[in-house]
Amino acid sequence: MKAFPFKASLSLSLTHTQYSRFLPLFSLVSMRRILLSLLLLAHLGELGAEDRLLNPSKLEMFVNELPDMPKIQGFRMLNTSPKPKSLMIGMFKKKWKFHRDLPPTPVFAYGASSRRATVPGPTIEALQGIDTYVTWKNFLPSKHILPWDPTIPTAIPATKTGIPTVVHLHGGMHEPANDGNANSWFTAGFKEKGPDWSKRTYHYNNNQQPGSLWYHDHAMGLTRVNLLAGLIGAYVIRHPEVEGPLELPHGVEFDRPLIVFDRSFRKDGSIYMNSTGNNPSIHPQWQPEYFGDIIIVNGKAWPKMTVRRRKYRLRIINASNARFFRFFFTNGLEFIHVASDSTYLGEPVVTNETLLAPSEIADVVVDFSKSETDEAVLANDAPYPYPSGDPVNGSNGKIMKFTIKKKREFDTWRVPDKLIQYPSPDLSSATQRRYIAMYEYTSDIGEPTHLYINGKPYEEPATETPKAGTSEIWNVINLTEDNHPMHIHLALFTVLDQTELVRAEEFKACMSKMNDAIKCQISKHARGKKLSVATHEKGWKNVYKMTPGYVTRILVRLSYIHSNTSYSFDPTGMPGYVYHCHILDHEDNAMMRPLVVMK
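Residues numbered from 1 in each chain as written. Predicted model: local features only at pLDDT ≥ 70, side-chain atom pairs only at ≥ 80, totals over all residues. Heavy atoms only, no water.

Per an unreviewed UniProt entry, the protein chain is named Plastocyanin-like domain-containing protein, and its organism is Gossypium tomentosum. Note on the protein chain: under the UniProt heading Subcellular location (unreviewed entry), the record states "Endoplasmic reticulum membrane". Comment text from UniProt for the protein chain, heading Sequence similarities (unreviewed entry), reads "Belongs to the multicopper oxidase family." (UniProt positions renumbered as here; feature names shortened; annotations may be inferred.)

In structure tokens form, the structure reads like this:
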């Protein structure tokens, strides 16, 4: 769906239950007059904001050096042995310089102190099997720096003051109480807490496979604005005994997380987010997608990095709200994929481009000794919204520039023919088959109002209740026009296939009435063409792109894959887990459902 800054219409579009109770209070004519007046006032306000919007072409590209975010060890050394460590990481309001020629921007940032807080936050480096304890502290002010919408399901403190936050470690496997449930939020000083809040300090046991993760805010209805404000950061689990023999590029210089996201700014340097909804009579602020034309990497707009003519490992994280990136190098350099999301591949896969949905991670090696030029621009050509939106422009089509030193070096790093072998998906082990349908709902003027999974809001009881230690087959049916990156907390999954729906409108009409894939005879509709799964995405993942008009079949695993054993903790406690679309504007309204693991 495409977000527009303003829609003028005499249609009331009052389909949302929160507004239906007001209908008897006004005559139809009076209500139309009131709404039209409000729309015009909102439009005038947006015109003023547009006048103050920064033109991205006014900023010169490739003038800021790529930062390497601060690193925090999630373990301590006692003599020569690693031991558990406790950390305190706060959330602070401060000003951040995104570009040499852009005024400092008010942001929310993670860090051990306000002075040391950064956007993105510090990279937490953990060791496999060594516990990391983090006390996440909220030092944010009473009011948000961005517009938010109380008409969608939202964490709202009783006092109406304070900014709810809660941290989710994306890709992490740990107890439900440490997962960052959307209703486990808290405000500054833990003054107010959500209904599922239970603890101040999160315990990450790091018993899962080594790989790349990231942490970010997950507060109910505020995820999109809290991330836009800057609450993101990388988390890496290392296993030296397993990873060392691979001899992949490592060390501070050669192993670099690249956290990529898009933003728009006003001329005063502040982050711009449209404050008028596409259905302002229903949702005053909520828009279906946020897109910015300025591309940020590790906190700098279109940065540059000088590299040596040898191999580098780049852990590329798409931390955008809604933007897909299809990355490629303008000089033809290749990506050597060694991992996808939080899990190594069995063997490396070479590609010329790679498509990342919001929250996906491409863990790649780039061999700059192969470059025939002294510069390589990392670029993007993914339309937005993906897959059928606008083409990229001169601003959002560029990511960053690598300047490659002329001198050739002896390269001690390598990419082996075999990486880390994990068990292949065993379809015969699946104990349950589920159908997961993605819906989008629109108003009388044809604009999106909200999105549901299985036709249910988040608040309805869980219908996905897998047993710990088992596998299930999920058939994810995308009945919308958007590609939805679906993320499952706790679990890993492999993508088996994607099959086009034939007579899709007939099937969609039936699903809209019955919300039952079997009764709507999905077997007669899921018979179209097949989409192949990219080789580098055939391993174990925690998020995947659900193609519109297709059924995506995945095998979901509720146990460790590296040891093929049950979790080292009890996953059956409350408040459970969730699965959701990782387009944050969709997740917030309200494309998210509970996932409760049973014994």
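This structure, assessed with the given rule, holds 24 aromatic pairs. An aromatic cluster of three or more residues is present, and its members are Phe-254, Tyr-312, Phe-329, Phe-335, Phe-368, Phe-402 and Trp-413. Its end group placed over the ring of Trp-96, Lys-300 keeps NZ or CZ at 5.6 Å from the ring centre. (Phe/Tyr/Trp six-rings, centres within 6.5 Å; stacked < 30°, edge-to-face > 60°. Lys NZ or Arg CZ within 6 Å of the ring centre and 35° of its normal.)

Okay, unusual backbone geometry next. In this structure, Pro-385 follows Tyr-384 across a cis peptide bond, with omega equal to -10°. Along the chain, Pro-385 falls in the loop between β21 (375-380) and β22 (398-408). Across the junction of Met-574 and Pro-575, the peptide omega takes the value 10°, indicating a cis bond. Positionally, Pro-575 belongs in the loop between β30 (550-557) and β31 (577-581). Backbone geometry at Ser-359 places phi at a positive 85°, although glycine is not the residue there. Its place among the elements puts Ser-359 in the loop between β19 (353-356) and β20 (361-367). Residue Asn-454 is not a glycine yet carries a positive backbone phi of 60°. Residue Asn-454 is classed as buried on the basis of its relative accessible area, which comes to 9%. (Helix = DSSP H or I, 4+ residues; strand = E, 2+ residues; numbered from the N terminus. Buried < 20%, exposed > 50% of the residue type's maximum accessible area, 1.4 Å probe, protein only.)

As enumerated under the stated definition, the model contains one disulfide in all. Shown here is the disulfide that connects Cys-510 with Cys-520, its sulfur atoms set 2.1 Å apart. Because the sign of the S-S torsion sets the handedness, a value of about -90° for the bond joining Cys-510 and Cys-520 places this disulfide among the left-handed ones. Note that Cys-510 is positioned in helix α5 (residues 504-514) and Cys-520 in the loop between α5 and α6 (522-525), a separation of 10 residues in sequence. (Disulfide = S-S within 2.5 Å.)

Ordered in space as β14-β22-β21-β16-β19, the five strands form an open sheet in which the pairing is mixed. Only two strands of the sheet have a single neighbouring strand rather than two, namely β14 (304-309) and β19. Within this sheet the neighbouring strands show an average axis-to-axis angle of 25°, counted without direction. Bridging between strand β16 (residues 325-329) and β21 involves three bridges; their strand directions are antiparallel. The partner of Phe-328 across the bridge, within β21, is Ala-379. (Pairing = 2+ DSSP bridges. Axes fitted to C-alpha atoms, helices over the stretch in contact; angles between N-to-C directions.)

Taken as a class, soluble globular proteins show a tendency for nonpolar side chains to be buried jointly. Grouped together as the largest cluster of nonpolar side chains are 95 residues, with contacts concentrated most on Phe-98, Trp-136, Tyr-235, Phe-327, Ile-399, Met-400 and Phe-402. Considering every element that reaches this core, the biggest residue donor is strand β3 (residues 81-96), with five residues. Excluding anything up to four places from it in sequence, Phe-327 contacts Val-260, Ile-316, Phe-335, Asn-352, Glu-353, Thr-354, Leu-356, Leu-378, Ala-379 and Ile-399. (Core = buried A, V, L, I, M, F, W, Y, C linked by side-chain atoms within 4.5 Å. Contact = heavy atoms within 4.5 Å.)

What UniProt calls "domain: Plastocyanin-like" (unreviewed entry) maps, in this numbering, to residues 164-240, 302-371 and 442-598. Across residues 164-240 one finds 10% helix and 29% strand; the C-alpha atoms that close the span lie 37 Å apart. In residues 302-371, helix accounts for 0% and strand for 64%; the two terminal C-alpha atoms are 20 Å from one another.

The next subject is the sheet that holds strand β1 (residues 71-73). Across the sheet, five strands lie side by side as β1-β5-β10-β9-β7; this open sheet has mixed pairing. Strands with a single pairing partner mark the edges of an open sheet, and in this sheet they are β1 and β7 (167-170). Neighbouring strand axes in the sheet, compared pairwise and without regard to direction, differ in orientation by 25° on average. Alignment of strand β5 (residues 123-127) against strand β10 (residues 232-238), held across four bridges, turns out to be parallel. Residue pairing across strands places Ala-126 opposite Ile-237, the latter belonging to β10.

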